[in-house]
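Each chain is listed here by its residues.
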Amino acid sequence: MIGFIGTGNMASAMIGGIIKSGLYPPSQIIVSDASENALNRLAENHPGIVKAKNNIETTQRATMLILSVKPHIYEPVLREIREEISQETLIITIAAGVTIKKVEELLQRPLKVIRTMPNTPALVGMAMTALCPNKKVTEEELQQVKELFSSFGKAELLPESQINAFTSLCGSSPAWIFMAIEALADGAVLQGIPRDKAYPMVAQAVAGSAKMVLDSGEHPAVLKDRVCSPGGTTIEAVAQLEKDGLRASLIEAVRVCTAKADRLSGD
Ligand SMILES: NC(=O)c1ccc[n+]([C@@H]2O[C@H](COP(=O)([O-])OP(=O)(O)OC[C@H]3O[C@@H](n4cnc5c(N)ncnc54)[C@H](OP(=O)(O)O)[C@@H]3O)[C@@H](O)[C@H]2O)c1
């Protein structure tokens, strides 16, 4: 069974994706939460899901146990459940800034831990998740977890030393893209396009561009060059964006975001 301790935003997004993909039916997912309301809301949204009495029951019945509580709740939850975790259970963390070492220390014995970092597009089946296993996890178990996270997006292995950069690149970048969509729509409104039409139009252009990068495998610069005809309108704006430092701003955004994550996780 897949267990979730904590049934807030991220767990709901992941559970929604897993059930929708058909990888596991609701009857194979067991959940517990300190908040009765959050638990009931999730159970109403996913009929057939198993509501545990408490975190201990979730721990005892889950073979893959996802700790989907806020980072500062990891310590009390791990202290509460650690005696109940079997040697075979895969403990999956999703908390920003909580290292494998910290989890291993709290567990007080060698157990299988996989640190992961999903992002909120999990809500629409388009997550990008990084996975870092500890030494106790076998290749087969890792593939099983990769398959689970692939049910609501894409999942890739990454060394733990790069997880803060990944958190910046994929966890935080949706906020920057939303800012870009909002700003482009403002530009459209300035040119007389109604706002209610502008947002879906821009979002579709962004989604289509991202899909071209994913599907074609071409270098983004090649795709950009194809849109820029000589002396045309697009290259006029490209020159302006270069002058205004668009690329340097985005590179700096990833750098400062990673540096902040490093400071928060004590790296
Ligand atoms: N949201 C994101 O973009 C994102 C992306 C990647 C990773 N994450 C990670 O996902 C984790 C969860 O984030 P979230 O946004 O889903 O949080 P959330 O919406 O606050 O959900 C956490 C849930 O856990 C409950 N809870 C608190 N203490 C508990 C306990 N001792 N036992 C069982 N349940 C308990 C909370 O109840 P109360 O409300 O009553 O406290 C709440 O319902 C975090 O570690 C975060 O770093 C989030």
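Each residue is numbered by its place in its chain's sequence as written, counting from 1. Side-chain atom pairs in this predicted model are given and counted only at pLDDT of 80 or more, local residue features only at pLDDT of at least 70, and totals for whole chains, interfaces and linings cover all residues. For side-chain calculations, the full set of non-hydrogen atoms in the structure is used, while hydrogens and water are omitted.

### Things to note about the overall build of the protein
Now for step 1: By definition, any uninterrupted DSSP run of H or I lasting at least four residues is a helix, any uninterrupted run of E lasting at least two residues is a strand, and each is numbered from the N terminus. Secondary structure summary: the protein contains 11 helices and eight strands in total.
Now for step 2: With the principal axes as the frame, the protein shows a C-alpha extent of 70 × 40 × 30 Å.
Now for step 3: Three labels apply to residues, based on accessible area from a 1.4 Å probe with only protein chains included: buried if under 20% of the type maximum, exposed if over 50%, partly exposed otherwise in between. A total of 267 residues make up the protein; the buried ones form 40% of that total.
Now for step 4: Between two residues, a contact is recorded if the distance between any of their heavy atoms is within 4.5 Å. Residue pairs at least 24 apart in sequence account for 62% of intrachain contacts in the protein once pairs closer than 6 positions are excluded.
Now for step 5: Here the Shrake-Rupley method, with its probe set to 1.4 Å, supplies the accessible areas, and only the displayed protein chains count as covering residues. Element-wise, carbon and sulfur atoms account for 59% of the exposed surface of the protein, whose accessible area totals about 15000 Å².
Now for step 6: For the protein, the distance from the average site of its 27 positive side-chain charges to the average site of its 29 negative ones is 1 Å. Note on charges: Lys and Arg go in the positive column, Asp and Glu in the negative column, and His and the chain ends are not counted at all. To locate a charge, take atom NZ for lysine, CZ for arginine, CG for aspartate or CD for glutamate.

### Section: the domain arrangement of the protein
Size of an interface, as often reported, equals the accessible area lost when the parts are brought together.
Now for step 1: What the domain assignment lists for the protein is domain 1 (2-158) and domain 2 (166-264).
Now for step 2: Note that the domain bounds were set by an automatic or database domain assignment. On a C-alpha basis, the centres of domain 1 and domain 2 stand 32 Å from each other.
Now for step 3: Opposite the eight residues of domain 1 that make contact, domain 2 presents six residues.
Now for step 4: The term polar contact refers here to a pair of N or O atoms within 3.5 Å; inside protein, the definition further demands a hydrogen-donor-capable atom paired with an acceptor-capable atom, and it admits residues adjacent in sequence only when both atoms are side-chain atoms. On the surface where domain 1 and domain 2 come into contact, there are one residue pair in polar contact (both at pLDDT 80 or more).
Now for step 5: Only Asp, Glu, Lys and Arg are considered charged in this grouping, and only Ala, Val, Leu, Ile, Met, Phe, Trp, Tyr, Cys and Pro are considered nonpolar; every other residue, Gly among them, is considered polar. For the side of domain 1 that touches domain 2, the per-class residue count stands at five nonpolar, two polar and one charged.

### Observations concerning the pairing of strand β8 (residues 153-157)
Now for step 1: Here strand β7 (residues 127-133) runs beside β8; their pairing, made up of five bridges, is parallel. Considered in β8, the bridge of T129 is made with A155.
Now for step 2: One crossover worth recording links β7 to the parallel β8 by way of helix α6 (residues 139-150), and it is right-handed. One requirement defines pairing of two strands: DSSP has to find at least two bridges between them. Convention used here: a crossover is right-handed provided that the path from the first strand, over the helix, to the second strand proceeds clockwise when the strands point away from the viewer.

### Topic: the side chain of T129
Now for step 1: Position of T129 relative to the elements: it lies in strand β7.
Now for step 2: Residue T129 is classed as buried on the basis of its relative accessible area, which comes to 0%.
Now for step 3: Beyond its immediate chain neighbours, meaning those up to four positions away, T129 contacts T116, M117, P118, F149, F152, K154, A155, E156 and F166.

### Here we look at the sheet that holds β8
Now for step 1: Strand order in the open sheet made by the eight strands is β3-β2-β1-β4-β5-β6-β7-β8, with mixed pairing throughout. Here the strands that pair on one side only, and so sit at the sheet edges, are β3 (50-51) and β8.
Now for step 2: Summarising the sheet, strand β6 (residues 112-117) and β7 pair through four bridges and their orientation is antiparallel. Bridge pairing in β7 places I114 opposite P133.
Now for step 3: Contacts between helix α4 (residues 74-81) and the sheet are confined to β1 (2-5), β4 (64-67) and β5 (90-93), with β4 contributing the most and set at about 150 degrees to the helix.
Now for step 4: Axis angles are defined between N-to-C directions and span 0 to 180 degrees, where every axis is a line fitted to C-alpha atoms and, for a helix, only to the segment in contact. The strands touched by helix α7 (residues 163-190) are β6 and β7; relative to β7, the strand with the most contacts, the crossing angle is about 175 degrees.

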